Amino acid sequence: MAETGRQEERASFLDGMTKVWNDLRKNNQLIDATLISSDGISYPVHRAVLAGYSRFFRALFTNPLHTDEKNRVHLQNVSSDVLSSLLTYIYDKKLDIDNNTVTKLLHASDYLSILEVHQACVTFLKSSIAPPNCLSIRQFARDHFLEDLERDAQMYLLRNFPQVAEKSLEIMSLPVDELVPVLASDYLNVRNEEVVWRLVLRWVDHEKDDRLPHFTSLLKCIRLGLMDVQYFLEHVKNHPYVLGNVVCRPVIIDTLKVLMDVETITQKDGVMQTPECARPRIPHEVMFAIGGWSGGSPTNAVETYDTRADRWIRVEEIDPSGPRAYHGTAVIGFDIYVIGGFDGMENFNSCRCFNAVTKTWKEIAPMHERRCYVSVVVIDETIYAMGGYNGHHRQNTAEKYDYRSNQWTMIAPMHVQRSDASATVLSGKIYITGGFDGRECLSSAEVYDPVTNVWTQLPPMRSRRSGVSCIAYHDSVYVLGGFNGVSRMCSVEKFSPVTNQWTPLPDMYTTRSNFAIEVIDDMVFAIGGFNGIATIHQVECFDDRANEWYEATDMNVFRSALSACVVANLPNINDYIHKNRHMLMEEKRQKLLALNQNSAVAVSTQTNPAVINITQAIEEVNNAVDNQNNMEVEDNPPNLL
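Just so we're clear, the structure is a prediction, and the values are computed from it rather than from any experiment.

## A closer look at the sheet that holds strand β25 (residues 535-543)
Spatial ordering of the open sheet is given by β23-β24-β25-β26, a layout of 4 strands whose pairing is antiparallel. In the strand order of this sheet, the two ends are held by β23 (516-520) and β26 (548-552), each with one partner. Going from strand to strand, the sheet's axes swing by 25° on average, the running direction of each strand aside. Here strand β24 (residues 523-530) runs beside β25; their pairing, made up of 6 bridges, is antiparallel. In the sheet register, A526 faces β25, and the bridge partner there is E540.

Here it is in C-alpha cells:
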C-alpha cells in the first residue's frame with residue numbers, strides 16, 4: 001500500500017508539472033527556443049521540457065558547441081501538423097493517432113527520439129492489424145526495423161490465414177518467395193488444406209502467364225495428404241494445372257499413396273513415417289480436460305487435445321491440492337480457473353488457477369457458496385458461477401468473480417434451483433439449461449443479462465436433462481445428452497434466440513451424462529461422461545455444415561464429471577501438442593494391426609469409398625503424363641511449367 005501511495009503521489013506531481021509547463025507555453029513565458037516545421041510554421045518551446053522527452057533535443061541543447069543562435073531549430077523532415085501533435089503530447093499528454101497520422105507520427109517520433117510517442121504508434125499499428133492490411137503492416141515493419149510489429153503481423157497472418165486468404169487483396173500481390181514460406185509453415189492455421197489449395201489457384205490465376213511456372217513449388221506447400229480423399233480426387237488430381245504435368249506427377253502419386261486404403265497400410269513392413277504432405281500443422285488453440293470422476297473416485301488428471309493430430313496428451317502439472325470432480329472451468333488469457341466441485345468427501349467453495357505458460361497452480365478467493373455440480377461461464381473476463389449443490393440444498397444463487405480484485409460478488413438468483421445444469425454465453429448473455437432441483441430432472445432454461453442483472457425464463461427444452469452439457473455454436477445454444485430421470489440420452493437439440501424455439505438435431509453416437517463440452521476448430525466436442533453403465537473415455541464431434549457427428553480419438557483416462565476449456569495462442573503451445581507428428585501414420589498402422597484386420601478394412605471401405613480407386617488413380621496420373629509427353633513430341637505445344 002505504501003508503494004502504491006508513493007506512485008500516486010509521483011503521478012500527481014508530474015501531472016502538476018505538465019500543467020505548469022503547458023500554461024507557460026500558452027502564455028509564451030520563459031520561452032528559450034523555437035522549432036520551425038518543414039512548411040515554415042514556428043513553435044515557441046522550452047529547451048528543458050523538450051530535453052526531458054527527447055534524446056534528440058537533449059543532445060542538441062546540451063552540446064558544448066550549442067549557441068543561442070542555434071535555438072531556432074529547423075526540422076526539415078517534420079510537417080507542422082505532425083510537430084503540433086508531438087508538442088501537444090509533450091506539453092499536455094494528449095495524443096490523437098488514427099490511420100491517417102500514425103505513419104507520419106511514427107517517422108517523426110523516431111527521427112526526434114520521442115520514445116513514448118513512437119511506442120504509442122507501434123501499439124496502435126498492432127491493434128489495427130486485420131485481414132485486409134496485415135501484409136502491408138508486416139512490410140512496413142520490415143522497412144522500419146520494427147521487429148515486434150513484424151512478428152505480430154506475421155503471427156496474425158498465420159493465425160487468421162483463412163480470413164486473410166478470403167478478404168486480403170494484398171496477398172494477390174505477394175511475390176512467390178514470400179508466399180511459399182507462409183504456405184509451408186507448420187503454424188499456418190487452417191482447419192483443412194482446401195483453403196490453401198483455393199488460395200494457390202487464385203494467386204496463380206491473378207497473373208497466370210507469369211505465375212504458372214511457380215505452381216508446382218506452391219503445390220508442394222499444401223499438405224495434400226490431409227485432404228478429404230474425394231475432394232483430392234475430384235478437385236486436385238484432375239485440375240488442368242495438374243493433369244498431364246510431368247513435374248506434378250511425383251507430388252500427386254506420393255499423395256495418392258498416403259491416401260491408400262487401410263489394407264495396404266497394414267501390409268507395410270517396418271516403421272512407416274508420416275510424409276510431409278500428411279504431417280499435421282501446429283494448432284493455435286488447445287483444449288484442456290481437467291479432473292473428473294474415474295475408477296470410483298475423483299481424479300486430478302489433466303489432458304490436452306491436439307485437434308490437428310487428433311491426439312490426447314497427458315499433462316504432468318496436475319493440481320497439487322488434490323483431485324476434484326463436478327467442477328467448472330473458465331479461461332481468462334492463459335489462466336485456467338477451476339471453480340467449486342467435489343473430492344468425494346467435501347463440496348468445495350474453493351477455486352484454483354492454473355497458468356498454462358508458467359505451469360503453476362495457485363489458490364484464489366473462495367466463492368460465497370459451496371458449489372458441487374456448478375455451472376461456470378466467462379463474459380468480458382468476468383467469471384460467473386451458478387447453482388450447484390452445497391451438501392444440503394440445490395441452489396438458485398449465482399455469483400461473479402473479478403480476477404483483478406480477486407473478489408466474488410453475488411448476483412441475482414435464478415428462477416429455479418439447479419444443480420448438474422449447464423451454462424454457456426451467446427451474444428453477451430448467459431443461457432443455463434436443465435439440471436436437478438432435488439426432486440426431478442429439469443427441462444427448464446433461463447437467460448441472464450449481466451447489464452440489467454435479470455434472469456428471464458425461456459421455453460422448456462424438448463427433454464428433461466440433468467448432467468447435461470450446453471454450448472453456444474453458430475448463433476444458437478446447443479444442448480446435448482444428460483439424464484432424463486430414467487436413462488442417459490444421446491439426443492441433441494438447439495435453441496435459437498431469434499425464433500425462441502427448440503429444434504432437434506442428429507443424435508450423438510454415445511449416450512452420456514456428466515460429460516465435458518467445448519467448441520474447437522469450429523466443431524462441438526463431447527468428451528467422456530457416464531453412459532448409464534460405466535464411465536467412458538469416448539470423444540465425438542459435431543460439424544453443423546455436414547449436420548453429422550464424427551468419432552475422435554479417445555482420451556487416455558476414462559472419466560465423467562470432468563470439465564473442458566480452450567486456451568488460444570499459447571506461446572508454449574508445443575508443450576501441449578503431440579510431439580511425434582512424423583509417426584502418426586505408424587501409430588495408426590499399429591492400432592489397425594491390433595484390431596481385426598478384416599473388419600477394419602470393411603469399415604474403411606464403407607467410410608471412404610474413394611480409397612478403393614487409389615491404384616486406378618495412380619495409373620491415370622502416369623497415363624496422363626505419358627499422353628502429354630507424346631503430344632509434345634508430335635505437336636510441340638508450349639509446356640505449362
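## Description of the nonpolar core
F161, W197 and F215 are the most contacted members of the largest nonpolar core, which has 79 residues in total. Considering every element that reaches this core, the biggest residue donor is helix α11 (residues 194-206), with 8 residues. Ignoring anything within four residues of it in the chain, the contact list for F161 reads I171, V182, L183, L188, N189, V190, V195, V196 and L199. Among the nonpolar cores identified, the runner-up in size contains 17 residues, and V286, I290, C565 and I577 belong to it.

## With respect to the packing of aromatic side chains
This model, assessed by the stated rule, comprises 22 aromatic pairs. Ring centres of Y478 and F542 lie 6.2 Å apart, and the angle between their planes is 50°; this geometry places the pair in the tilted category. With Y478 in strand β20 (residues 476-480) and F542 in strand β25, this residue pair connects regions lying 64 residues apart in the sequence. Of the two residues examined, Y478 and F542, each falls in the buried class. In this structure an aromatic cluster arises from ring pairing among F56, F57, F61 and Y111.

## Brief notes about empty space enclosed by the protein
Within the structure shown, the criterion is met by 1 cavity of 30 Å³ or more. The calculated volume of the largest cavity comes to roughly 60 Å³. Looking at the largest cavity, the residues that line it are I290, G291, N300, V302, D319, G322, R324, V338 and W361. Looking at the lining of the largest cavity, the elements that each hand over two or more residues are β4 (285-294) and β5 (297-306). Residues that form the lining of the largest cavity fall into these classes: 4 nonpolar, 3 polar and 2 charged.

## Observations regarding unusual backbone geometry
In terms of backbone geometry, most residues other than glycine have negative phi values and most peptide bonds are trans. For N406, which is not glycine, the phi torsion reads 55° and is therefore positive. Positive phi outside glycine occurs at D521, with the angle close to 55°. Within the secondary structure, D521 is located in the loop between β23 and β24. Classification of D521 as buried rests on a relative accessible area of 13%.

## Side note on the layout of surface pockets
Quantified by volume, the second largest pocket comes out at close to 860 Å³. Lining the second largest pocket are 40 residues, with T329, V376, I517, E518 and A564 positioned closest to its centre. Of all elements in the fold, only β7 (328-332), β11 (375-379), β15 (422-426), β19 (469-473), β23 and β27 (563-568) reach the threshold of two or more residues within the lining of the second largest pocket. By residue number, the principal contributor to the lining of the second largest pocket is β27, which donates 6 residues. Class assignment for the residues of the lining of the second largest pocket results in 26 nonpolar, 11 polar and 3 charged.

Reading guide: rules and limits
Residues numbered from 1 in each chain as written. Predicted model: local features only at pLDDT ≥ 70, side-chain atom pairs only at ≥ 80, totals over all residues. Heavy atoms only, no water. Pairing = 2+ DSSP bridges. Helix = DSSP H or I, 4+ residues; strand = E, 2+ residues; numbered from the N terminus. Axes fitted to C-alpha atoms, helices over the stretch in contact; angles between N-to-C directions. Core = buried A, V, L, I, M, F, W, Y, C linked by side-chain atoms within 4.5 Å. Buried < 20%, exposed > 50% of the residue type's maximum accessible area, 1.4 Å probe, protein only. Contact = heavy atoms within 4.5 Å. Phe/Tyr/Trp six-rings, centres within 6.5 Å; stacked < 30°, edge-to-face > 60°. 1 Å grid on protein atoms, 1.4 Å probe; cavity = no way out; pocket = protein on both sides within 12 Å on 5 of 7 lines; lining within 4 Å. Points joined across faces, edges and corners; volume = space filled by probe spheres on them. Nonpolar A, V, L, I, M, F, W, Y, C, P; charged D, E, K, R; others polar.

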